[in-house]
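# Structural features, examined
Read off the chains here:
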Amino acid sequence: MGQRFTVQADTERECAAGLQLLLSLGLQVGMPPRLLTDGRWMARAMPGMAKAPTSDGRGLSTAG
């Protein structure tokens, strides 16, 4: 399992702002802001893929 970075906040606006900070560091959205059952907001970000998928969508491509 890869790394995940989580933002938890009291409001959607705070959660979106926290997620934006993570995106400014080069991370990608893993889960947009969502309201959880206990009234908190959560969003996730994760590092992007190091290599792009092959053109046919199978596996990872190799450089060269």
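Attention in this report is confined to the structure presented alongside it. (Residues numbered from 1 in each chain as written. Predicted model: local features only at pLDDT ≥ 70, side-chain atom pairs only at ≥ 80, totals over all residues. Heavy atoms only, no water.)

Looking only at helices and strands, the protein has 1 helix and 3 strands in total. Counting only contacts in the protein whose residues sit at least 6 apart along the sequence, the fraction spanning at least 24 positions is 38%. (Helix = DSSP H or I, 4+ residues; strand = E, 2+ residues; numbered from the N terminus. Contact = heavy atoms within 4.5 Å.)

This next bit is on the nonpolar core. Formed by Val7, Ala9, Cys15, Leu19, Leu22, Leu27, Trp41, Ala43 and Ala45, the largest nonpolar core amounts to 9 residues. At the level of secondary structure, the elements contributing two or more residues to this core comprise β1 (5-9), α1 (12-24) and β3 (41-46). Ignoring sequence-local partners within four residues, the contact set of alanine 45 consists of Gln3, Arg4, Phe5, Leu19, Leu22, Leu27, Gln28 and Gly30. (Core = buried A, V, L, I, M, F, W, Y, C linked by side-chain atoms within 4.5 Å. Buried < 20%, exposed > 50% of the residue type's maximum accessible area, 1.4 Å probe, protein only.)

With that out of the way, let us pick up the pairing of β3. Looking at chain direction, β1 and β3 are connected through 5 bridges and run antiparallel. Counterpart to glutamine 8 in the pairing with β3 is methionine 42. Looking at chain direction, strand β2 (residues 28-35) and β3 are connected through 5 bridges and run antiparallel. If you follow arginine 34 over to β3, its bridge partner there is methionine 42. (Pairing = 2+ DSSP bridges.)

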